[in-house]
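# Fold and contact review
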Amino acid sequence: MHRRTFLSTVSAGLGAVALPGSLWQEAAVAGVVRGASPYGPLGSPDGNGVALPAGFTSRVVARSSRPVGGILWHPAPDGGACFADGGGWIYVSNSEVPLVGGASAIRFRADGSIERAYRILDGTNLNCAGGRTPWDTWLSCEEIFRGRVYETDPYGVRIAQPRPAMGRFKHEAAACDPDRRVVYLTEDEDDGCFYRFVPSTWGDLSSGRLEVLCGGDPVEWRPVPDPAPGTLRRQTRHQVSQARHFDGGEGCHYANGVCYFTAKGDRKVWAYDAVRERLGSVYDGGGTLDGVDNITGAPTGDLYVAEDGGNMEINIITPDGVVAPVLRVDGHDGSEITGPAFSPDGTRLYFSSQRGSSGGSAGLDGVTYEVTGPFRH
């Protein structure tokens, strides 16, 4: 379970792409070779049950159903993101439970202590992943039949707003592409699609056009005829016959002209080259990373991918192709790692064990962690 591998290049058919900070290489896949993590091997689990490389430390910042910063932390913590806040920062986390769902935020002072916590979204359903926007809002996605995207305020000032123009389907994650002024969206179905939303006005998600990725080299984007179908109407993923399908779309992250997204059934980290409009993958299984799920990145071009199951790790995929674990949570075999996100200065990584050590389906034993150390940023 602790093999370390290289992915020397990306999947065949991508061609030569040179994008600073990305994982694109100059040739087709030449196989996988063994390599070492840039952070070194994992040590023994610490007092919080987290195995880390030398020089890194962990702390528990919140536990589901227990007080933190003036509220009870929500059950089943899922997708998350960090936002700058003066000298401090805010970590936002979704709650993947039925009916109450929603999202909460923890505000940290400059020294890392918790100032307060508060709700930013209530009364929604199975809020799974999402994504932050360039204008500092959090898109919280419902992973249900005809689910919606809600645009929320991490600072707790503005009321959350549904964004039905972004589609009514089993949403998973979102990633904003400020270069093309679109938002990419994943769908958690075994024949789910990969979408992009083109707002009428960049920065305003209340109206726009939903498009679906269709096969080909280069790929093609086609409009979804009915983005918000009624209960008995054809679902978005079945409205365009040429649409390409992915088995269990999960996390989504955009950087330097590439949108990376995971598909748990495919066991891949896909990579959409938005410049050349081509699709390939940077991880096809076979390494230390199992159960690909939430994904985030660093300015160095490193990707960090959380496991849903596997052995409860977050793995790094570096620009030169190293795939290796950077942390592991022991004793949480019935859970999954969710919500990885870096503090604005890149020195702290936040994430959760959604169901904790008990593995209970209600997520009442969820744990949210912070890991501090010499991350590459």
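Scope of this entry: the structure provided in the associated data block. Every value quoted in this text rests on a predicted model; they were computed, and no experiment measured them.

## Side note on the overall build of the chain
- Counting secondary structure elements, the chain contains 0 helices and 30 strands.
- Scaling as 2.2 N^0.38, a compact globule of 377 residues should have a C-alpha radius of gyration of about 21 Å, and the chain matches this with 19 Å.
- Across the 377 residues that make up the chain, the buried fraction comes to 59%.
- Nonlocal contacts in the chain, meaning residues at least 24 apart in sequence, comprise 51% of its contacts between residues at least 6 apart.
- Summed over all atoms, the accessible surface of the chain reaches about 13,600 Å², with 50% contributed by carbon and sulfur.
- For the chain, the distance from the average site of its 35 positive side-chain charges to the average site of its 45 negative ones is 2 Å.

## Some remarks on the nonpolar core
- Among the nonpolar cores identified, the biggest contains 23 residues, and Tyr 304, Ile 314, Leu 327, Val 329, Phe 351 and Phe 375 are the most heavily contacted of them.
- Elements with a contribution of two residues or more to this core: β25 (303-307), β26 (313-317), β27 (322-329), β28 (337-342), β29 (348-353) and β30 (367-372).
- Here this core gets 5 residues from one element, more than from any other, and that element is β27.
- When neighbours within four sequence positions are excluded, Phe 375 is seen to be in contact with Tyr 39, Phe 56, Tyr 304, Phe 342, Gly 346, Thr 347, Arg 348 and Leu 349.

## Here we look at the sheet that holds strand β12 (residues 138-142)
- If you trace the 4 strands from one edge of the open sheet to the other, you get β11-β12-β13-β14, paired in antiparallel fashion. Both outer strands of the open sheet, β11 (127-132) and β14 (161-162), are each paired with one neighbouring strand and no more.
- Pairing between strand β13 (residues 149-152) and β14: 2 bridges, direction antiparallel. Of the residues in β14, the one forming a bridge with Glu 151 is Gln 161.

## Points about the sheet that holds strand β20 (residues 249-255)
- Across the sheet, which stays open at both edges, the 4 strands sit in the order β20-β21-β22-β23 with antiparallel pairing between neighbours. Each end of this open sheet is capped by a strand with a single partner; those strands are β20 and β23 (278-283). Neighbour to neighbour, the strand axes of the sheet diverge by 25 degrees on average, direction disregarded.
- Looking at chain direction, β20 and strand β21 (residues 258-263) are connected through 5 bridges and run antiparallel. Paired with His 253 across the strands is Tyr 260, a residue of β21.

## As for the environment of Val 367
- Counting through the fold element by element, Val 367 comes out in strand β30.
- Of the residues examined, Val 367 reaches a relative accessible area of 2% and is grouped as buried.
- Residues Val 367 and Ala 62 lie 305 residues apart in sequence; the distance between their C-alpha atoms is 6.0 Å.
- Setting aside chain neighbours within four positions, we find Val 367 in contact with Val 60, Ala 62, Arg 63, Pro 77, His 332, Phe 351, Ser 352 and Ser 353.

## Details of the state of the cysteines
- All told, the structure shown has 0 disulfides when counted by the stated rule.
- Cys 141 takes part in no disulfide bond, and the closest cysteine sulfur to it belongs to Cys 128, at a distance of 8.5 Å.
- Cys 252 supplies the cysteine sulfur nearest to Cys 259, a cysteine that is in no disulfide, at a spacing of 3.5 Å.
- For Cys 259, a relative accessible area of 0% translates into the label buried.

## Let's talk about unusual backbone geometry
- Look at the link from Asp 217 to Pro 218: it is a cis peptide, with omega at 5 degrees.
- With respect to the helices and strands, Pro 218 occurs in the loop between β18 (204-214) and β19 (220-223).
- Despite not being glycine, Ala 76 shows a phi value in the positive range, around 45 degrees.
- With a relative accessible area of 1%, Ala 76 lands in the buried category.
- The phi torsion at Leu 126 lies on the positive side, around 50 degrees, for a residue other than glycine.
- Position of Leu 126 among the secondary structure elements: in the loop between β10 (114-121) and β11.
- Residue Leu 126 is classed as partly exposed on the basis of its relative accessible area of 23%.

## A word on the pairing of β20
- Most of β20 sits inside the fold, with 7 of its 7 residues counted as buried.
- Here β20 hands over to β21 after 2 residues, with Asn 256 in that stretch at a positive phi of 50 degrees.

## Brief notes about the pattern of salt bridges
- Within this structure, the stated rule accounts for 22 salt bridges.
- When the shortest N-O distance is used, the salt bridge between Glu 189 and Arg 237 registers 3.4 Å. Pair noted here: Glu 189 is in the loop between β16 (182-187) and β17 (194-201) and Arg 237 is in the loop between β19 and β20, with a separation of 48 residues, a long-range link.
- Overall, the relative accessible area of 17% leaves Glu 189 in the buried class.

## Looking at the side chain of Gln 239
- Considering the arrangement of structural elements, one finds Gln 239 in the loop between β19 and β20.
- A polar contact is formed between the side chain of Gln 239 and the backbone nitrogen of Asp 226, at a distance of 2.8 Å.

## Considering the packing of aromatic side chains
- Counted by the stated rule, this structure contains 23 aromatic pairs.
- Relative to Tyr 195, the ring of Phe 169 has its centre 4.3 Å away and its plane inclined at 25 degrees; by these criteria the two rings are stacked. Separated by 26 residues along the polypeptide, Phe 169 in the loop between β14 and β15 (171-177) and Tyr 195 in strand β17 bring together distant segments of the chain. Side by side, Phe 169 and Tyr 195 carry an identical accessibility label, which is buried.
- Centroid distance Phe 194 to Tyr 272: 6.4 Å. Interplanar angle 65 degrees. Geometry classified as edge-to-face. One end of the pair, Phe 194, is in strand β17; the other, Tyr 272, is in strand β22 (residues 268-273), and 78 residues separate them in sequence.
- With relative accessibility at 0%, the residue Phe 194 sits in the buried group.
- Feature note: the residues Tyr 184, Phe 194, Trp 221, Phe 246, Tyr 254, Phe 261, Trp 270 and Tyr 272 constitute an aromatic cluster, connected by ring pairs.

Reading guide: rules and limits
- Residues numbered from 1 in each chain as written.
- Predicted model: local features only at pLDDT ≥ 70, side-chain atom pairs only at ≥ 80, totals over all residues.
- Heavy atoms only, no water.
- Helix = DSSP H or I, 4+ residues; strand = E, 2+ residues; numbered from the N terminus.
- Rg over C-alpha atoms; globule rule 2.2 N^0.38 Å.
- Buried < 20%, exposed > 50% of the residue type's maximum accessible area, 1.4 Å probe, protein only.
- Contact = heavy atoms within 4.5 Å.
- Areas by Shrake-Rupley, 256 points an atom, 1.4 Å probe, with all protein chains shown as cover.
- Lys, Arg positive; Asp, Glu negative; His and termini not counted.
- Charge placed at Lys NZ, Arg CZ, Asp CG, Glu CD.
- Core = buried A, V, L, I, M, F, W, Y, C linked by side-chain atoms within 4.5 Å.
- Pairing = 2+ DSSP bridges.
- Axes fitted to C-alpha atoms, helices over the stretch in contact; angles between N-to-C directions.
- Disulfide = S-S within 2.5 Å.
- Salt bridge = Lys/Arg side-chain N within 4 Å of Asp/Glu carboxyl O.
- Polar contact = N/O pair within 3.5 Å; in protein donor to acceptor, adjacent residues only side chain to side chain.
- Phe/Tyr/Trp six-rings, centres within 6.5 Å; stacked < 30°, edge-to-face > 60°.

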